[in-house]
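# Observations on the three-dimensional arrangement
Chain by chain, the residues:
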Amino acid sequence: MRIARCTLPVLLLLAILGILSLSAQPGAAPHLEKRGSATHLIVDGKPFLILGGELHNSSSSSLAYMKLLWPQLAAMGLNTVVTPVSWELIEPVEGKYDFTLVDGLLSQARDAHERVVFLWLATWKNGMSSYAPVWVKQDTKRFSRVVVKGKEVELLSPVTAATQQADARAFAALMQQIHQVDAQDHTVLMMQVENEVGVLGDSRDRSPAADRAFASPVPAELTRYLKEHHDTLYPRLRELWDANGGKTAGTWPEIFGNSSRADEIFMAWDYARFIHAVTVAGKSAYDIPMYVNTWLAENDAEPGSFPSGGPEPWVVDIWRAAGSAIDFYAPDLYAPDFVYWCRQYHRDGNPLFMPETRGGTPGAANVFYAVGEEAGFGFSPFAIEDDMDPKQDLASSYRAIDALAPLLLEQQAAGAVHGFVLDERHPTADFTLNGIALHVSIDEIFGQHAQSGYGLIMATAPDEFIGAGKGFRVSVASASAGESRFGIASIDEGTFEDGKWIPGRRLNGDENDQGSFWRFDARHLKTEKMKVYLFD
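Residues numbered from 1 in each chain as written. Predicted model: local features only at pLDDT ≥ 70, side-chain atom pairs only at ≥ 80, totals over all residues. Heavy atoms only, no water.

This part covers the environment of V292. Mapped onto the elements, V292 comes out in strand β10 (residues 290-295). Spatially, the C-alpha atoms of V292 and M191 are 8.8 Å apart, while their sequence positions differ by 101 residues. If sequence neighbours within four positions are ignored, V292 has contacts with V193, I275, P311, W319, I326, F328, Y329 and A330. (Helix = DSSP H or I, 4+ residues; strand = E, 2+ residues; numbered from the N terminus. Contact = heavy atoms within 4.5 Å.)

Shown next, in the form of structure tokens:
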């Protein structure tokens, strides 16, 4: 009995210590989670909307250089900085790692209250291999190169196992270090694995090893995937496969035809297998979201004029067939048709994140479409330090969206938000929320026309809407013919502070065209609330 009486307090003490130990454990790592109609990035248990910017390629190679940038980036309204970390700097000598730069960047980011997305520039960057360590570059027998038009180029071949293994070891070491120094703080939200991969100058690698692989049977796991997912394949890929007989056995030319598109598919498989293996190694050390970005091609461009094999929309299925470690695929979007390319990537379960795009005035408009219409969870213009004026258009858009973010994320999940970009080619947008048809057009009053407009609108109650943007106006009507009509009951401008609506002016008269329109004039980006009423 004495033993039992002595043991009980000890057990209670151990239990209490165990509970305290569990409570002291870091929270779940950043991860992606499907919530209703949207896929959200979850950080510290809550959805997080990345309002970011990507630095120039070499900016983060110097802690002294970066020290001056952080306050200016934060003043712009950024909550996340997207920046490279390169293989050459963390493993200058094979097997000897130096994480001084990584640790310093994370310390600086925390001091500035910023999050980070790291770009792993390793075997490939922009279709070349300039960021690999010198010890990799100089050993062309062990780390073979791509052959283009009979000549070796500074582009490491994805068919070489030794390169894959060396890259994966370095990436795993990096992720282990990030886990060790950041698992509690969650400064690092995601990792981009490599950058804009693919063969430039030819449709495929023409090295002897690649030629042998091209003439070999297509792996069964790829043809099995194509067969199982036939009806949901990207149309261009499905049509190419069907046009060549829909075969499930044969060499690459036999299954996909003897063309540059077959070459591109072959390279997509090789790059995908390589990068999935690197990603698996990294996630084994620290499992946070990891993605691959894309140098976009024009629709009819020949492979090789863009990096052949990268995850263009029409070969994303090839990448998916190669493995499941990569969480999503993202466009580096500089093309003029922003809406079209967003839709090519926000499809078939692939969420939209914009790691690299235009900033300035175009970015200030496009971010509303990305996070509004396409439920994107992040936006990041390139070369963000070139224009860090907190008064510029992008900074204004970021501040408005940041204030809306808690509500916006809820409405993304509910499917109750729409975003738009208006110009001369696309002057209107139409959608229905809560049974009310909303017609959005470029703003006009007293004969004064805006040249463009952008924004988003959310339904926050059956008779209530929140909008933000500039240069547009909205009319309301019943979505069903013959039903009661709708009118504008009230419009208030205002702001959100800590998620609470703070109303400002009641807008009427000229500000709503005598009750005809909900207006967002082109002079200032504003947030407004509109209420509607029914009448017979």
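This brings us to the side chain of K283. Within the secondary structure layout, K283 lies in helix α11 (residues 260-285). Within the structure, the side chain of K283 is placed 3.1 Å from the backbone oxygen of A325, a separation counted as a polar contact. When neighbours within four sequence positions are excluded, K283 is seen to be in contact with I288, M290, A325 and D327. (Polar contact = N/O pair within 3.5 Å; in protein donor to acceptor, adjacent residues only side chain to side chain.)

Attention now moves to the pattern of salt bridges. Considering all chains together, one arrives at 25 salt bridges under this definition. R142 is the partner of E94 in a salt bridge, and the nearest nitrogen-oxygen pair spans 2.7 Å. One end of the pair, E94, is in the loop between α3 (87-90) and α4 (100-111); the other, R142, is in the loop between α5 (134-137) and β7 (145-148), and 48 residues separate them in sequence. Judged by its relative accessible area of 32%, R142 falls in the partly exposed class. Through salt bridges with shared partners, a single network forms among D202, R204, R206, D211 and D263. (Salt bridge = Lys/Arg side-chain N within 4 Å of Asp/Glu carboxyl O. Buried < 20%, exposed > 50% of the residue type's maximum accessible area, 1.4 Å probe, protein only.)

Attention now moves to unusual backbone geometry. Phi angles above zero are rare outside glycine, and N126 is one such case at about 55 degrees. Even without being glycine, A375 reaches a positive phi, approximately 50 degrees. Note on placement: A375 falls in the loop between α14 (360-372) and β13 (378-381).

To continue, consider the sheet that holds strand β24 (residues 518-520). Across the sheet, which stays open at both edges, the four strands sit in the order β15-β16-β21-β24 with antiparallel pairing between neighbours. Two strands in the sheet have a free side with no partner beyond their single neighbour: β15 (428-433) and β24. Strand-to-strand, the axes of this sheet are offset by a mean angle of 20 degrees, without reference to chain direction. Both β15 and strand β16 (residues 436-442) contribute to a ladder of six bridges, which runs antiparallel. Paired with A429 across the strands is V440, a residue of β16. (Pairing = 2+ DSSP bridges. Axes fitted to C-alpha atoms, helices over the stretch in contact; angles between N-to-C directions.)

Another point: the pairing of strand β5 (residues 80-86). In terms of burial, β5 is largely enclosed, as seven of its seven residues are buried. Handedness of the crossover is the feature at issue here: the chain leaves strand β4 (residues 50-54), passes through helix α2 (residues 63-75), returns alongside β5, and the resulting connection is right-handed. With seven bridges connecting them, β5 and strand β6 (residues 115-125) associate as parallel partners. Bridge pairing links T80 to R115 in β6. (Right-handed = clockwise from strand over helix to strand, strands pointing away.)

Our next topic: the sheet that holds strand β3 (residues 46-48). One open sheet accounts for three strands, arranged β1-β2-β3; its pairing is antiparallel. Edge positions in the sheet fall to β1 (31-35) and β3, since each of these pairs with one other strand and no more. Here the strands of the sheet are splayed against their neighbours by 55 degrees on average, with no regard to which way each runs. Two elements, strand β2 (residues 38-43) and β3, share three bridges in a ladder whose sense is antiparallel. Paired with I42 across the bridge in β3 is P47. Docked against the sheet, helix α15 (residues 393-414) engages β1, β2 and β3, running at close to 140 degrees with respect to β2.

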